[in-house]
Amino acid sequence: MRVASIEFKARAGEKLADATLQRNLVRVKGKFAAKRAAAMAGFHDFEGLREAGREIRQRTLDDLDVWLGIFERSATAGGATVLWARTPDDINRLVLEIAFRHGVRKIVKSKSMVSEESSLDRAIEAAGLEVIETDLGEYILQINGYEPPSHLVGPALHKSKEEVADLFHRRHKTARKEGIEDLCLEARAVLREHYLTADMGISGGNFFVAETGSVVLVTNEGNATLATGLPRVHVAISGIEKIVPTLEDAATLLRLLPRSATGQPISNYVDVLTGVRGEGEGGVEHMYYILVDAGRTDVLASEVREALRCIRCGACMNHCPVYQSIGGHPYGWVYPGPIGSILTPMYAGLENAHPLPAASTLCNQCGVVCPVKIPLPDLQRKLRERTFERRLAPWSERAALRLWSWVAARPALYGASMRVVARLLRIWGGRERRIRRLPPGGGWTAGRDLPAPDGRTFREQYAARRRAGGKPR
Amino acid sequence: MRVGLVVTCLVDLMRPGIGWAAVDLLERAGAEVVVPATQTCCGQPGWNGGDRAGAAALARKLIAEFEGCDWIVAPSGSCVGMIRVHYPTLLADDATWSERARSAAARTRELTQFLVDELGFDAVPGRHDGTVTYHDCCAGLRELGVKSQPRRLLAKVSGLELTEMAEPESCCGFGGAFSVKFGEIAAHIAERKCAQIAETGAGAVVMGDLGCMLNVEGRLRRRGDASTRVLHVAEVLAGRED
Ligand code: SF4
């Protein structure tokens, strides 16, 4: 997928002015944050559970190579084939090799964010095969010319039902439906046909279980069950960081994931798929795992390694004031919101994405809801340090910071400067004591006034009081 | 009990009355208040902006200035968060300063936190006739756990009635340099906060960080609200609202 994160600010501006999107964002915010809060309120020890989730994920990452080896052995023993993708391009190459090996013509796909990193669908189509997304949100984006996803859990959340109704009407050439239920039924009728005629199913993988060699899939629509169960071949694609040691660990994380994502105690469907079918069993004929690196080992070796604990619940963006204002598209790549502000610079290059970690108030509304306790603002700060070191941001920002630190280290100069600034702002503010336009602070005064100061700094007043015989301090 | 007051750079420049209110409250609570004359900025802009070296220099400066104090107190959750939470990280690898940073961190408290948790003080002189609503600034709330203390003290202000807004804990959009660099987004976030403040019908919104105050007041005025006052909790408690 093209990385457009460098254009963050301009795109954010467009989204702020998009009235339809703004209405949709208000709806989304109410939905997710409120449902999560309700789920928390009904749970006896969510903090304890978060700590358990953090511990499982961190322990696994600390010995990731070992767990990957165990997973490969277990999965192979179950009759699956484990393949490794070092780069995003490797994902596409491996999928096409599998497809050609088994004479596949049509592929159904359930949700996989990792495959967005390599634009897998378009590579499949370019090779002359057919691919159909079966997650409703992903399907909507696919038939809208592969519009990028805007959210981890609900990739098409930025769309209203009216927009979807228009799209279905246009693409399916059916009568325009009004209600959500009718729209879902229409999508279901279209998709059912594809499940039955597809030769291969592609899924993501919420967790890969090392002890059993299984993949765990969490969905609400049941599409993963059909997409991975009906065709002959199943390919599960996910990042190497998605390993968990045991089924019990997966169960603990399953208590966290839906609650954090949608406020559900458990998702409507949880599939645990292990290997190919044996004598007299159900299941697929051929099963492949594609475990993707694509920058993950570099993250593991970096100062932001904690980001790899992410289980893709979306809670950080649901609670992010910036995301709530602009949605997911301005982040410019696969992963939006606070976690995207870490992963995008790491996977796609800080030079291509440095506005993302900067575009945060560091309020930590994300960190306190993250089910695996990723300290997102701390990680954003670390990437800001790298941005500063590598001189990636505009020179004026860097110069301003440097100047501030330099002056603030010299108390006499600092005192004199602030006296001048206080007076200038006082005069600029006029009788009303408010500044509506401030040339060097245009970013501020575009949407807010600046309350003007009194004109004398505290240190001046304090010194005057001492001179006048106030209590010595 | 020597209490060093970190005035903060914003209070020094933009609203010195908050500093005086803090001095007043601390003295009433029985502290000997010291205001080191050479203090400037705690280093937050550098720390949050990626200039680690610049931030570290200012951190060392502040630590040295307040070393003779039993406590270090500031009327700002974010500056206290900087000293209490971030200084030890910032100076962790500095052999000569890491211990001094940890000691300073351990002695540092946000103003209302200090008054309530350390001194059990509640004889506040303030008087405020009318309804106010309280905004929990992010750093104070999520880095320091300041939540009940300001409300406890506000409850002692005669005439004051507190009405909570829908989401007192949601960010106002300030975020330091963010509020200038991404001003449009910051103003949009502030607008949500202002709408919630307006819904309460309160005559004033009270909070504990001047950066957030400027952001909220700036947006209130721009959206045409000339009357809702934006007050620092210290001003209200000390009865120095002008
Ligand atoms: S960073 Fe945490 S909150 Fe955000 S998607 Fe990942 S697990 Fe969820």
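Remember, it's a predicted structure, so these values are computed and weren't measured experimentally. (Residues numbered from 1 in each chain as written. Chains lettered and ligands numbered in written order. Predicted model: local features only at pLDDT ≥ 70, side-chain atom pairs only at ≥ 80, totals over all residues. Heavy atoms only, no water.)

**Digging into the environment of Phe168 of chain A**
Residues and elements named next belong to chain A. Filter applied, for reference: For the purposes of this entry, the term helix denotes a DSSP run of H or I that reaches at least four residues, the term strand denotes a run of E that reaches at least two, and both are numbered from the N terminus. Buried means the residue's accessible area, taken with a 1.4 Å probe over protein chains only, is under 20% of the maximum for its type, while exposed means over 50%, and partly exposed covers the values in between. Any two residues whose heavy atoms approach within 4.5 Å are treated as being in contact.
Counting through the fold element by element, Phe168 comes out in helix 9 (residues 161–172). Overall, Phe168 belongs to the buried group, its relative accessible area being 1%. Expressed as a C-alpha distance, the spacing of Phe168 and Ala198, which sit 30 residues apart in the sequence, is 22 Å. With residues up to four places along the chain from it excluded, the contact list for Phe168 reads Leu136, Tyr139, Ile140, Ile143, Lys173, Thr174, Leu183, Glu186 and Ala187.

**So, the site of the ligand**
Our working rule: Proximity is defined per residue: if any heavy atom of the residue lies within 4 Å of a molecule or strand, that residue is considered near it. Under this grouping Gly is polar, as are all residues other than the nonpolar Ala, Val, Leu, Ile, Met, Phe, Trp, Tyr, Cys and Pro and the charged Asp, Glu, Lys and Arg.
Near the ligand you find 13 residues, and of these Cys310, Cys313, Gly314, Cys316 and Cys370 of chain A are the closest. Across the shell around the ligand, the residue classes break down as eleven nonpolar, one polar and one charged.

**Side note on the interface of chain B and chain A**
To keep it simple, the criterion reads: Summed over both partners, buried area is the accessible surface (1.4 Å probe) that two parts give up on being assembled. Salt bridge, as used here, is a side-chain nitrogen of Lys or Arg placed within 4 Å of a carboxyl oxygen of Asp or Glu. Side-chain atoms alone can form a polar contact between residues adjacent in sequence; in general such a contact is a pair of N or O atoms within 3.5 Å, and within protein one must be able to donate a hydrogen while the other accepts it.
Counting from both sides, the interface comprises 59 residues of chain B and, opposite them, 63 residues of chain A. For the pairing of chain B and chain A, the buried interface totals around 5400 Å² over both sides, and the portion due to carbon and sulfur atoms is 60%. For the chain B face of the interface with chain A, the top three residues by lost area are Leu13, Trp20 and Arg222 of chain B, together amounting to 13%. In this assembly, chain B and chain A are joined by five salt bridges. Here chain B and chain A share 32 residue pairs in polar contact (both at pLDDT 80 or more) between them. Among the elements of the structure, helix 1 (9–14), helix 2 (16–28), helix 3 (44–49), helix 4 (52–65), helix 8 (138–144), helix 10 (178–181), helix 11 (183–200) and helix 12 (210–222) of chain B are those that each provide at least two residues to the side of chain B that touches chain A. Top element by residues in the side of chain B that touches chain A is helix 11 of chain B. It accounts for eight residues.

**Concerning the domain arrangement of chain B**
As a measure of interface size, the accessible area lost when the parts come together is often cited. Residues and elements named next belong to chain B. To keep things clear, this is the line we draw: Where a domain begins and ends is set by an automatic assignment or by a domain database.
Once the domains are mapped, chain B shows domain 1 (2–118) and domain 2 (127–238). The distance between the C-alpha centroids of domain 1 and domain 2 comes to 22 Å. At the interface, 26 residues of domain 1 touch 24 residues of domain 2. It is Arg15, Thr112 and Val116 in domain 1 that bury the most area against domain 2; as a group they hold 29% of the surface buried on that side.

**Things to note about the packing of helix 8 (residues 136–143) of chain A against helix 9 of chain A**
Residues and elements named next belong to chain A. We apply this condition: Axis lines are fitted to C-alpha atoms, over the contacting stretch for helices. Their N-to-C directions set the angle, which ranges from 0 to 180 degrees. Angular relationships are summarised with four words: roughly parallel below 35 degrees, roughly antiparallel beyond 145, roughly perpendicular across 65 to 115, and oblique for the angles in between. Rotating anticlockwise by less than a right angle from the far helix to the near helix defines a left-handed crossing, while the corresponding clockwise rotation defines a right-handed one.
Put simply, helix 8 and helix 9 touch, their axes get as near as 10 Å, and they point 60° apart. Viewed along their axes, helix 8 and helix 9 adopt a mutual orientation that is oblique. At the point where helix 8 passes helix 9, the crossing takes the left-handed sense. Residues Leu136, Tyr139, Ile140 and Ile143 of helix 8 lie in contact with helix 9, whose contacting residues are Val164, Leu167, Phe168, Arg171 and His172. The class makeup of the residues in the contact of helix 8 with helix 9 is seven nonpolar, one polar and one charged.

**Digging into the domain arrangement of chain A**
For chain A, the assigned domains are domain 1 (1–42 + 306–388), domain 2 (54–294) and domain 3 (396–467). Centre-to-centre, using C-alpha coordinates, domain 1 of chain A lies 32 Å away from domain 3 of chain A.

**Structural notes on the pairing of strand 3 (residues 71–74) of chain B**
Residue and element names in this part refer to chain B. Heads up, the condition is: Should DSSP find at least two bridges between two strands, the strands are taken to pair.
The alternating pattern of strand 3 places Trp71 and Val73 and Ile72 and Ala74 on opposite faces, both of which are buried. Examined bridge by bridge, strand 1 (residues 2–5) and strand 3 share three bridges and lie parallel to one another. The residue of strand 3 that forms the bridge with Leu5 is Val73. Relative to strand 4 (residues 108–110), strand 3 runs parallel, the two being bridged by three bridges. Across the sheet, the residue bridging to Val73 is Arg109, located in strand 4.

**Observations concerning a nonpolar patch on the surface**
Residue and element names in this part refer to chain A. Keep this limit in mind: Two distance rules govern patches: like charges are joined within 9 Å, and nonpolar side chains (Val, Leu, Ile, Met, Phe, Trp, Tyr) within 5 Å, applied only to residues with over 30% relative accessible area and no salt bridge. Only the protein chains shown count as cover for residues, with accessible areas throughout obtained via the Shrake-Rupley method and a probe of 1.4 Å.
A surface patch of nonpolar side chains, amounting to about 290 Å² of accessible area, comprises Leu247, Ile266, Val270 and Val272. In this structure, Val270 sits in strand 9 (residues 269–274). A relative accessible area of 31% places Val270 in the partly exposed class.

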